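# Understanding the architecture of this molecule
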Amino acid sequence: MRFSYAEAMTQASYYAPLAQAAEAAGYTSMTVADSLIYPEDSDSKYPYTDTGDREFLQGKEFIETMVMCAHLFAHTTTLRLTPFVLKLPVRPPVLVAKQASSLAFLSNNRLGLGVGISPWPEDFANLGVPWERRGKRMDECMEILRGLTSGEFFGYAGEFYEIDRLQQCPAPTEPIPLLVGGHADAALRRAVRLGDGWMHAGGDGEELDRLLTRLAEIRKEEGDTRDDFEIHVISYDAYTVDGIKRLEDKGVTDCIVGFRVPYIKGPDTEPLETKIKHLEAYAENIIHKVNP
């Protein structure tokens, strides 16, 4: 089992020391949150909390995701970073491919690129991208990412994007894993057809079991027998050694763990030292026992 440390919506100055502490404690990865704008007026609902409120995002310090990845890679040597998740179809895919290739090259292949469709219509509107057919746009973006990050000449002609045969250099020395976020059936199928793994956004245990069952069904339907397909989940089972065994038996490869509820209004008042103590205690009590 691999372990990803998750911390979001805290002070931006905390992330580098937290990444260093997670690396030293034995975590495989650290997630990096993505948020582009906060509109003053919106009736949109957040899909991964009970109330759908989004006010917890106001005033939070979000460094742009690819910039934050570069910052954290420069402060670590082995820690993998997994954007959780990059809002892909609102961004130009050729630019994202260049950013991802550069990050993977400079970090010695430590980028696992989590990607998803933004739930906010305002992201699309203010970045000049139509909201309609966003799923198909997402598919095309992923295909372009896959092609351009290979380092080979690659051209593309789709419904939304037409790209001359191009090459981007330097390319990473290993393929960049594309990890798809989302709970809709289309997202699960996209993870199997176009991705290298799936990223769970949270929820109760019964819902997770349903999603894992459906993911397994889709993999069977698509004839996917890869043994390196990544499944990243958030689960209460990740906080006990026996629970980790249950997750492994369900095919989970990566546990995403955090130690506070980030969906709070106002600033995060938890001190940096407390955060480090929490992640170190988990490593001692769980990670080092599961992976001695």
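For the structure given in this document, a descriptive report is provided here. (Residues numbered from 1 in each chain as written. Predicted model: local features only at pLDDT ≥ 70, side-chain atom pairs only at ≥ 80, totals over all residues. Heavy atoms only, no water.)

Moving on, we come to the pattern of salt bridges. Applying the stated criterion across every chain, the model contains 27 salt bridges. In this structure, the salt-bridge partner of Arg-2 is Asp-254, at a minimum N-O distance of 2.8 Å. Taken together, the residues Arg-2 in strand S1 (residues 2–5) and Asp-254 in strand S11 (residues 254–257) connect sequence positions 252 residues apart. For Arg-2, a relative accessible area of 31% corresponds to the partly exposed category. For Asp-254, a relative accessible area of 0% gives the class buried. Measuring nitrogen to oxygen at the nearest pair gives 2.9 Å for the salt bridge that ties Lys-275 to Glu-270. A relative accessible area of 1% means that Lys-275 is categorised as buried. (Salt bridge = Lys/Arg side-chain N within 4 Å of Asp/Glu carboxyl O. Helix = DSSP H or I, 4+ residues; strand = E, 2+ residues; numbered from the N terminus. Buried < 20%, exposed > 50% of the residue type's maximum accessible area, 1.4 Å probe, protein only.)

This part covers the sheet that holds strand S9 (residues 197–199). Spatial strand order, S3-S2-S1-S11-S10-S9-S8-S5-S4: 9 strands in an open sheet with parallel pairing. Pairing within the sheet leaves two strands with one partner each, and these edge strands are strand S3 (80–83) and strand S4 (86–87). As defined by bridge partners, S4 adjoins strand S5 (residues 113–116) across 2 bridges and the pair is classed as parallel. Bridge assignment links Leu-86 to a residue of S5, and that residue is Val-115. (Pairing = 2+ DSSP bridges.)

For the rest of this paragraph, the subject is unusual backbone geometry. With glycine set apart, most residues show a phi of negative sign, and most peptide bonds adopt trans. Look at the link from Phe-84 to Val-85: it is a cis peptide, with omega at -10°. Secondary-structure assignment places Val-85 in the loop between S3 and S4. Note that the residue after Cys-169, namely Pro-170, is joined by a cis bond; omega there is 5°. Looking at the secondary structure, you find Pro-170 in the loop between strand S7 (162–166) and strand S8 (178–181). Unlike most non-glycine residues, Asn-108 shows phi in positive territory, near 60°. With respect to the helices and strands, the residue Asn-108 is situated in the loop between helix H3 (93–106) and S5. Even without being glycine, Arg-133 reaches a positive phi, approximately 55°. In this fold, Arg-133 is placed in the loop between helix H4 (121–126) and helix H5 (134–148).

Moving on: helix H2 (residues 65–74). Thr-65, Met-66, Met-68, Cys-69, Leu-72 and Phe-73 are the residues of H2 that are buried. Down the axis of H2, the sector holding all buried residues measures 155°, keeping them to one side. Buried-residue contacts for H2 involve helix H1 (15–25), strand S2 (29–32), S3, S4, H3 and S5. The backbone nitrogen of Met-66 lies 2.9 Å from a side-chain oxygen of the residue at the head of H2, namely Glu-64. (Arc of directions from axis to C-beta. Contact = heavy atoms within 4.5 Å. Polar contact = N/O pair within 3.5 Å; in protein donor to acceptor, adjacent residues only side chain to side chain.)

This part covers the nonpolar core. Residues Phe-3, Tyr-27, Leu-113 and Trp-198 are the most contacted members of the largest nonpolar core, which totals 71 residues. Examining the composition of this core, we find that 8 residues originate from one element, helix H9 (residues 272–290), more than from any other. Once you skip the residues sitting within four places of it in the chain, Leu-113 turns out to touch Met-66, Pro-83, Leu-86, Ala-100, Leu-145, Ile-176, Pro-177, Leu-178 and Leu-179. Ranked by size, the runner-up nonpolar core spans 6 residues in total, among them Ala-8, Met-9, Tyr-46 and Trp-120. (Core = buried A, V, L, I, M, F, W, Y, C linked by side-chain atoms within 4.5 Å.)

Taken by themselves, the reported measurements are silent on function.
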